[in-house]
Amino acid sequence: MTAPRAVQPPVAITGVGVLTPLGDSPGAVFAALMEGRSAVGEGGAKLAEIRDFEATKYANIRGMRMYNRTTRLAICAAKLALSDAKIEAASLPGEDLGVLMASTYGNMDVLLEYDRSLVEKGVQRTNGALMPLAIPSAPGAMVALAFGARAFSMTLGGTGSSFLDAIALGARWITDGRARACVVVSASSPSPEIVLAASRAGILSATEAPRVFDRRASGTAFGEAGVAFVLELAESASSRGAEVRGHVRGYGAAFAPEPSRFGGALERAIRGALRDADMTPAEIALVSAGASGLPAFDRAEAMGIHAALGAGAGEAPRVPVTAMKGALGETLDAGPGLQSLVALGSLDERRAPRIVGLTDPDVEGLHYLTQEEVVAGDSALVTSVSWSGACSALILSGGAHGRA
Amino acid sequence: MGKRRIVITGCGIVTAAGHELEPFWSSLMRGECMIKPLSTFSVRDFETLFGAEAPLPPEDALPSHVELSGYRARCLTLALAAVRRAVADAGLPGDAASRERTGAVIGTTLGEERQVGDLSDRWSTAGDASVDPGFFARSDNHRLASVAAREHGLGGPVILSAAACSSGNAALATAYDLMQMGAADRMIAGAADTLVRSIYCGFHRMGALSKSVCRPYDKNRDGVAFGEGAGMVVLEDLEDARRRGAHIYAELAGFGVSNDAHHITAPDPSGTGFKRAIQQALATTGTALEAVDYVSAHGTGTVYSDHCEVRALYAVFGDRARTIPMSSIKSMIGHTNGAASAIEAVACALAIQHQAVPPTANLTEQDPECNIDCVPNTGRAANVSTCLNLSAGFGGFNTCTVLRRVS
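Residues numbered from 1 in each chain as written. Chains lettered and ligands numbered in written order. Predicted model: local features only at pLDDT ≥ 70, side-chain atom pairs only at ≥ 80, totals over all residues. Heavy atoms only, no water.

A.B. asks: Give a description of the overall build of chain B that names residues and reports values.
C.D. replies: When helices and strands are tallied, chain B shows 13 helices and 15 strands. Compactness check: chain B gives a C-alpha radius of gyration of 20 Å against a globular reference of 22 Å for 407 residues, within 12% of the reference. The buried share of chain B, taken over its 407 residues, is 70%. Considering only contacts in chain B between residues 6 or more positions apart, those separated by 24 or more positions represent 78%. On chain B, the mean spot of the 36 positive side-chain charges and the mean spot of the 43 negative ones are 2 Å from each other. (Helix = DSSP H or I, 4+ residues; strand = E, 2+ residues; numbered from the N terminus. Rg over C-alpha atoms; globule rule 2.2 N^0.38 Å. Buried < 20%, exposed > 50% of the residue type's maximum accessible area, 1.4 Å probe, protein only. Contact = heavy atoms within 4.5 Å. Lys, Arg positive; Asp, Glu negative; His and termini not counted. Charge placed at Lys NZ, Arg CZ, Asp CG, Glu CD.)

As structure tokens, then:
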């Protein structure tokens, strides 16, 4: 049988919200990346923080002070995205607004605080209000509560690929009429215990900033971020005169059990996304990759891209490949959201930023961007290889140039 | 092209009422309550805790390839045990090409929370030194899905769904749509949860923890009694299932979703959210009101939740709400949190297979404000062609899956 399409009819991205150490608007973040700036310290810093983050500057939400930093970042990113989309409570009934959150560790600091208090103080002296905020779906549920989103509220986890899965599912649920608009949101502010465990596991580089796709890569650094996209049917966006930031064109996902086979899984995910978008590899003008300085994963991603986008018979793909985690750090589930933002910014500006932290490619044969470059085309591929082996690929087209 | 018809060809459960389908179903039909004083799980500050433990045979111990480093992974153990049973029950094709197009969506409310509990226990004496390198990977709940995928050689999308106590239905809905999207040809979907300290303490502080057993719709109910378990189904295309001669339990016809956005823990008292999820499920699956034969209720045994659900049922079905069989198997196997709606989906599939409806146990005096046919205390034969499977979770996410008999 012919496989059905994942994304049909056209789904538009009408709002983008972002908070990172390099800026709090898509334009500011993209400009910083184009300048080659990095938020990740050179001296082996383990977490690139958003300094002086004050949630009330972005959103005045009742109960915000109860929420952990991940939830506050997510709410603020969602608020910025909804504002960008010019969607307010008065213009869209709550029953028509849904929220999909991508999060794996977003509840961990609350759960640790709550559980530690149970051990140290006992149940009667522990703040019971923390319990509902300690479950993995809590950050996303609080985003939905903050904006009165009554269509749906669900969280997907995948330590890296879940944002792309959430975009695809959100597009599907918009297409099926379960909501008129969907906020896909993620935030990352890993708890000290997660940072410590990752550091002790050798995931974080002890001595230097991440070397992305590089032969001398020795680990990554975490970054803080909040990122949100607003999805709507393109037709509905057009009818209300919304400015379109981009379009969701195709999605694919696959799994492999071990790093040596992750490249093959990513290749299948990319081929699935191309098939879904009814596109050929030659139509991809840019790859926004998720590489973060972890050698086995970066290598697998490079090999997957090479295999899926090569012209055949081992020929290397000519498509430029950029990656932003050398500048913004590993932002876990939020990472593919930031990659998507880079993809849309590059399609809009017709130029893409260089990869910070790459001097000596580990896998030859890809056109890694070591300096900014012109983007000649309308569609970009976003790729993700998660630590557990879940790989996802998403194809986006630009707002002005994609199909409408 | 039109929608694929997606069917359930394999079921796997791990519950206090059994880990094989027929004993589980027989126990449910007899109305056996498995909620008892707990023996293997305790929480400081509680003299006696009630719950429904799900013992497993030794062969379900975690396989050696799963990195444990001496830590507990009860939720993963339950999830893998249920997945194994579902895969075997379905006779899932084992060739590489089929497995490459098979994925998994597994849900949970709190997943491997005992990892956090172990860390907390060590923290007071060891501080930072208690954080070991493996904590990063072990506390990632996506492992529930990825380890299952590894064990069965799956190559399709592998995703964790978290929607509190709607996680099981959320996993079914996500898997259903991944198949509709063409991202996979077969999916394993379900959820797992175990008994955890934080949930017991939280419900105790909210005054919602039962001091004995769960009594949905009973005038004398006193709250939630927890259980542990997992429920998994294998989903595949109807044509594929027929072609390979697979046993078909039921069609997963579709689902409805809504969100209350009302309160962090309490559902919207009007039941409006639940009503919208049910109506969306009926509308998107083309199910007429009169076609619904059985409702598997969320039915947690709190006054607030029971009343919301019954209000929603009346809002959708009018007076017919009084006569549609609607029961809660949580009265027998406890509230298994995220796993609940997945286990209840299996119960719906079995209800269709056996043409019978399971009961609500522990009912002695029905709450007059819950004027429904809650199938008191023992199951009974019934014509079951279409079931609604309801769930709700903290934060207000409501789901309703529709299971239908395949003629």
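That covers the picture; the talk isn't over yet.
A.B. asks: Explain the sheet that holds strand β2 (residues 36–37) of chain B residue by residue, including any values.
C.D. replies: All names here are of chain B. Strand order in the open sheet made by the three strands is β2-β3-β7, with mixed pairing throughout. In the strand order of this sheet, the two ends are held by β2 and β7 (226–227), each with one partner. Where β2 lies against strand β3 (residues 50–52), two bridges are found, and the strand directions are antiparallel. If you follow lysine 36 over to β3, its bridge partner there is glycine 51. (Pairing = 2+ DSSP bridges.)

A.B. asks: Summarise the packing of aromatic side chains; cite the residues concerned and give the values.
C.D. replies: The final tally for this structure, using the stated rule, is 14 aromatic pairs over all chains. For the ring pair phenylalanine 203 of chain B and phenylalanine 226 of chain B, a centre distance of 4.9 Å and an interplane angle of 85° mean the geometry is edge-to-face. With phenylalanine 203 of chain B in helix α8 (residues 197–206) and phenylalanine 226 of chain B in strand β7, this residue pair connects regions lying 23 residues apart in the sequence. Looking at phenylalanine 226 of chain B, the relative accessible area reads 2%, which means it is buried. Members of the aromatic cluster, joined through ring pairs, are Phe41, Tyr200, Phe203, Phe226 and Phe394 of chain B. Between arginine 116 of chain A and the ring centre of tryptophan 123 of chain B, over which it is positioned, the NZ or CZ distance is 3.6 Å. (Phe/Tyr/Trp six-rings, centres within 6.5 Å; stacked < 30°, edge-to-face > 60°. Lys NZ or Arg CZ within 6 Å of the ring centre and 35° of its normal.)

A.B. asks: Kindly report on unusual backbone geometry, identifying the contributing residues and their values.
C.D. replies: Residue and element names in this part refer to chain B. Of note, the phi angle at alanine 164 is positive, near 50°, even though the residue is not glycine. Positive phi values are uncommon outside glycine, yet glutamine 355 reaches one of about 50°. Mapped onto the elements of the fold, glutamine 355 is located in the loop between α13 (340–354) and β12 (356–357). Overall, glutamine 355 belongs to the buried group, its relative accessible area being 19%.

A.B. asks: Describe the pattern of salt bridges, with residues and values.
C.D. replies: Residue and element names in this part refer to chain B. The final tally for this structure, using the stated rule, is 45 salt bridges over all chains. For the salt bridge of glutamate 151 with arginine 84, the shortest nitrogen-to-oxygen distance reads 2.6 Å. Residue glutamate 151 is found in helix α6 (residues 143–151), and its partner arginine 84 is found in helix α2 (residues 74–90); the two are separated by 67 residues along the sequence. The class of glutamate 151 is partly exposed, set by a relative accessible area of 25%. Among the salt bridges present, the one from arginine 122 reaches aspartate 132, with a minimum N-O distance of 3.8 Å. With a gap of 10 residues between them, arginine 122 in helix α4 (residues 113–126) and aspartate 132 in the loop between α4 and α5 (135–138) connect regions that are remote in the sequence. (Salt bridge = Lys/Arg side-chain N within 4 Å of Asp/Glu carboxyl O.)

A.B. asks: Quick one: what's the story with the interface of chain B and chain A, residue by residue and with numbers?
C.D. replies: By convention, interface size is frequently given as the accessible area that disappears when the constituent parts associate. Contacts between chain B and chain A engage 80 residues on the former and 76 residues on the latter. Here chain B packs against chain A, burying approximately 6300 Å² in sum over the two surfaces, 64% of which is carbon and sulfur. Of all residues in chain B, Phe136, Met181 and Arg205 of chain B give up the largest surface area on contact with chain A, accounting jointly for 13% of the area buried on that side. At the boundary of chain B and chain A, one finds three salt bridges. Linking arginine 197 of chain B and aspartate 115 of chain A is a salt bridge whose minimum nitrogen-to-oxygen distance equals 2.6 Å. Here chain B is connected to chain A by 29 residue pairs in polar contact (both at pLDDT 80 or more). Those elements that provide at least two residues to the side of chain B that touches chain A are α4, α5, α6, β5 (158–162), α7 (167–180), α8, β9 (250–259) and α10 (272–285) of chain B. (Buried area = accessible area lost by both parts, 1.4 Å probe. Polar contact = N/O pair within 3.5 Å; in protein donor to acceptor, adjacent residues only side chain to side chain.)

A.B. asks: Account for the pairing of strand β15 (residues 397–404) of chain B, naming residues and giving values.
C.D. replies: All names here are of chain B. In terms of residue burial, β15 counts as a mostly covered element, since seven of its eight residues are buried. The pairing of strand β14 (residues 386–392) with β15 spans seven bridges and is antiparallel. Pairing of alanine 392 across the sheet is with asparagine 398, part of β15.

A.B. asks: Outline the side chain of threonine 104 of chain A, listing residues and values.
C.D. replies: Tracing the backbone shows threonine 104 of chain A in the loop between β3 (97–102) and α3 (108–121). Residue classification places threonine 104 of chain A among the buried residues on the basis of a relative accessible area of 5%. Side-chain polar atoms of threonine 104 of chain A contact the backbone nitrogen of glycine 158 of chain A, separated by 3.3 Å. Sequence-distant contacts of threonine 104 of chain A, defined by excluding residues within four places in its chain, comprise Gly157, Gly158, Thr159 and Asp333 of chain A together with Asp140 of chain B.

A.B. asks: Give me the lowdown on α10 of chain B, citing residues and values where you can.
C.D. replies: Residue and element names in this part refer to chain B. Its 14 residues place the ends of α10 20 Å apart at the C-alpha level, agreeing with the 20 Å of an ideal helix rising 1.5 Å per residue. Burial in α10 covers these residues: Gly273, Phe274, Arg276, Ala277, Ile278, Gln280, Ala281, Leu282 and Thr285. Those residues of α10 that are buried lie in contact with β9, α11 (303–317), β14 and β15. Positioned one or two residues after α10, glycine 286 has a phi angle of 60°, which is positive. (Expected span 1.5 Å × (residues − 1).)

A.B. asks: Just give me the short version of the packing of α3 of chain A against α8 of chain B, but keep the residues and values in it.
C.D. replies: In the contact formed by α3 of chain A and α8 of chain B, the axes pass within 10 Å of each other and the chain directions differ by 75°. By the criterion of interaxial angle, the relationship of α3 of chain A to α8 of chain B is roughly perpendicular. For the pair α3 of chain A and α8 of chain B, the contacting residues are Leu111, Tyr114, Asp115, Leu118 and Val119 of chain A in the first and Arg197, Ser198, Cys201 and Gly202 of chain B in the second. Of the residues belonging to the contact of α3 of chain A with α8 of chain B, the class tally is five nonpolar, two polar and two charged. (Axes fitted to C-alpha atoms, helices over the stretch in contact; angles between N-to-C directions. Parallel < 35°, antiparallel > 145°, perpendicular 65-115°, else oblique. Nonpolar A, V, L, I, M, F, W, Y, C, P; charged D, E, K, R; others polar.)

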